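Listed below are the residues making up each chain.
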Amino acid sequence: MNDDNAAARVIQDLRAAAAGSPPGSRLPTVRELTARHQASPITVSRAIRALAAEGLLDTQPGRGTFVAARAAAAVPAPDLSWQSIALGPRPAGEDAMSALLAVPRPGTIPLSSGYLDEDLQPAATLGAALARAARHPSSWQRGPAEGREDLRAWFARGAGALRAEDFVICPGGQAALSTAFRALAAPGDTVLVESPTYLGALAAARAAGLRVVPVPADNAGVRPDLLAAALGRTGARLFYCQPMFANPHGATLAPGRRERVLAEVRAAGAFLLEDDYARDLAIDADPPPPLVCGDTDGHVVYLRSLTKSAAPGLRVAAIGARGPAGARLRAARVLDDFFVSGPLQQAALDFVTSPAWPRHLRALRAALRTRRDALLDAIRRHLPALDPPSVPRGGLHAWLRLPDGADDVAVTTAAAARHVVVFPGRPWYAAEPDAPHLRLTFAAAPPALLDEGVHRLAQALLD
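### Some details on the overall build of the protein chain
- If you tally the helices and strands in the protein chain, you get 16 helices and 15 strands.
- Principal axes of the C-alpha set define a box for the protein chain whose edges measure 80 × 55 × 55 Å.
- Sorting the 463 residues of the protein chain into buried and exposed places 49% on the buried side.
- Nonlocal contacts in the protein chain, meaning residues at least 24 apart in sequence, comprise 73% of its contacts between residues at least 6 apart.
- Across the protein chain, the mean location of the 50 positive side-chain charges is 4 Å away from that of the 45 negative side-chain charges.

### Thoughts on the sheet that holds strand β12 (residues 397-401)
- With antiparallel pairing, 3 strands are arranged side by side in an open sheet as β12-β15-β14. The sheet is open, and its two borders are formed by β12 and β14 (423-424), each paired with just one other strand.
- Two strands pair when backbone bridges link them, and β12 and strand β15 (residues 437-441) are joined in this way by 5 bridges, in the antiparallel orientation. Its bridge partner lying in β15, W399 is registered against R439.

### Some points on the sheet that holds strand β4 (residues 167-170)
- Ordered in space as β4-β11-β10-β9-β8-β5-β6-β7, the 8 strands form an open sheet in which the pairing is mixed. The open sheet has two edge strands with one neighbour each: β4 and β7 (221-222).
- Sheet topology places β4 next to strand β11 (residues 317-320); 4 bridges connect them, and they run antiparallel. Paired with C170 across the bridge in β11 is A317.
- Strand contacts of helix α10 (residues 224-234): β5 (190-195), β6 (211-218), β7 and β8 (238-241), with the helix running at about 165° to β6, the strand carrying the most contacts.

### With respect to unusual backbone geometry
- With an omega of 0°, the peptide bond running from S195 to P196 counts as cis.
- Cis geometry marks the peptide bond from N247 to P248, where omega comes out at 20°.
- Tracing the backbone shows P248 in the loop between β8 and α11 (255-268).
- Backbone geometry at F338 places phi at a positive 65°, although glycine is not the residue there.
- Tracing the chain through its elements places F338 in the loop between α12 (324-337) and α13 (342-352).
- The class for F338 is exposed, based on a relative accessible area of 58%.

### Side note on a nonpolar patch on the surface
- Side chains of V334, F338 and F339 sit close together on the surface and give an oily, nonpolar patch of about 270 Å² of accessible area.
- Mapping V334 onto the fold places it in helix α12.
- The class for V334 is partly exposed, based on a relative accessible area of 32%.

### Considering the pairing of strand β10 (residues 300-305)
- Extensive coverage of β10 is indicated by the burial of 6 of its 6 residues.
- Here β10 shows two buried faces, one formed by V300, Y302 and R304 and the other by V301, L303 and S305.
- Here strand β9 (residues 271-275) runs beside β10; their pairing, made up of 4 bridges, is parallel. Its bridge partner being in β10, E274 is matched across the sheet by Y302.

### Observations regarding the nonpolar core
- If you look at the biggest cluster of nonpolar residues, it comprises 44 residues, and the most contacted ones within it are F155, L192, F239, L306 and V316.
- Leave out the neighbours within four places in its chain, and F155 touches F167, I169, R304, L306, V316, A317 and A318.

### Thoughts on the pairing of β5
- Judged by how many residues are buried, β5 sits mostly within the fold: 6 of 6 residues are covered.
- Here β5 pairs with β6 via 6 bridges, running parallel. Within the sheet, the bridge partner assigned to E194 lies in β6 and is V215.
- In this view, the connection linking β5 to its parallel neighbour β6 by way of helix α9 (residues 199-207) has right-handed handedness.

### Looking at the side chain of R372
- Along the chain, R372 falls in helix α14 (residues 356-382).
- Since its relative accessible area comes to 5%, R372 is described here as buried.
- Not counting residues up to four positions away in its chain, the partners in contact with R372 are I283, D284, V391, P392, R393 and F442.

### What about helix α8 (residues 173-184)?
- In a regular helix each residue adds 1.5 Å, so 12 residues correspond to 16 Å; α8 covers 16 Å between its end C-alpha atoms and thus fits that length.
- In terms of burial, α8 is largely enclosed, as 9 of its 12 residues are buried.
- For α8, the complete set of buried residues consists of G173, A175, A176, L177, T179, A180, F181, A183 and L184.

### Some remarks on the packing of aromatic side chains
- One pass over the structure, following the stated rule, counts 7 aromatic pairs.
- Relative to W428, the ring of F423 has its centre 5.7 Å away and its plane inclined at 70°; by these criteria the two rings are edge-to-face. Assigned by exposure class, F423 and W428 land together as buried.
- Here a set of aromatic residues connected by ring pairs shows up, and it is made of W154, F155, F351 and W357.
- The ring of Y115 has K308 sitting right over it, with the charged end atom 4.5 Å from the ring centre.

Parameters and conventions
Residues numbered from 1 in each chain as written. Predicted model: local features only at pLDDT ≥ 70, side-chain atom pairs only at ≥ 80, totals over all residues. Heavy atoms only, no water. Helix = DSSP H or I, 4+ residues; strand = E, 2+ residues; numbered from the N terminus. Buried < 20%, exposed > 50% of the residue type's maximum accessible area, 1.4 Å probe, protein only. Contact = heavy atoms within 4.5 Å. Lys, Arg positive; Asp, Glu negative; His and termini not counted. Charge placed at Lys NZ, Arg CZ, Asp CG, Glu CD. Pairing = 2+ DSSP bridges. Axes fitted to C-alpha atoms, helices over the stretch in contact; angles between N-to-C directions. Patch = residues over 30% accessible without salt bridge, like charges linked within 9 Å, V, L, I, M, F, W, Y side chains within 5 Å. Areas by Shrake-Rupley, 256 points an atom, 1.4 Å probe, with all protein chains shown as cover. Salt bridge = Lys/Arg side-chain N within 4 Å of Asp/Glu carboxyl O. Core = buried A, V, L, I, M, F, W, Y, C linked by side-chain atoms within 4.5 Å. Right-handed = clockwise from strand over helix to strand, strands pointing away. Expected span 1.5 Å × (residues − 1). Phe/Tyr/Trp six-rings, centres within 6.5 Å; stacked < 30°, edge-to-face > 60°. Lys NZ or Arg CZ within 6 Å of the ring centre and 35° of its normal.

Following this line, the structure appears as structure tokens:
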């Protein structure tokens, strides 16, 4: 017996019966349908559930299956134009964030993504960890608002200079950024950022009512001399920085600049928000220690997420700081959402403290190296004039300088017409961009697709 055919017959029978009966009418029982269609009870139950999910049937345990109430007739759409006046201007950066998070359409080649390709995610291991966590009744109970102590201790060991009690667990790095900007500054204050920098940080800072001022960076990271000038001119007390494999340009703060940057922040009496998103994404060598390891006076606020190096659905991050700054971060998190899901915290802890975590990181490093090299080879083959001057040593992206006068947004649109997704450089700047760029991701597609995607991008540039 073919279960699919049997299920289709049951669905067709029930759909016809429901269409010809008034709401509330009793429909044949599972036993009757089983005999009528020579189908198993499981197949009949599955068909009933499918129609109930459509709203066609009403299943009542112990009583039977009935025709559901008819949906109300469609009414004309209300006039909601008044909301545009009540809401006022849209926040800056909304469109760019929506485009960044858009799921690629089937058949397109993704050369833009902030996450790992499905093939690189430890989905089976995470699923098993979550299943184990879900079976523990205690994981469903309310835990500490700041998150599990053992998970915070794991993040603290990675930071090196902070304790478990300095951290609070957050539902992802973006949530942690939003918390930090609101907790460490007040609306109207100035925040300094590298230029270019992560556009999610720009959006979160602006949403917090902060004035965003860029500080130029080069292939050795942010320039300490210009950071000192910006701190002095603006009076800013917060500097957002990605010292390692910065998104989008991939630079790592040079060893000779690390202490100078910390010294300038200390001299200004400011905080440095260290976004260590790529701690687990080094490719060619082990990463340098976080900046917070060299901070003795509580100037560095440290953020690390598991999402980039594991899977988009593992929305677990931690942000930590010492003293009153840490207390403000913890208080702000409580106002947002009380605490992060207990089963998700348990699953994350299970994963990162098991042998599966180092195995995943070793496999990920090898896969990212293969894909990075494949992307760079494709660029040299199809777009030799755009070959990046330096090889990304980690992270997920390559930063391509377009020819002077090129329109990065127009190139992105032309590439989309050829079914390849790239992201323009313009939104990553807090002010005017110094040149047109594209951010290409090598982690979101296998090598063969990377080559085809760059080939299509080359055709788009000709357009």
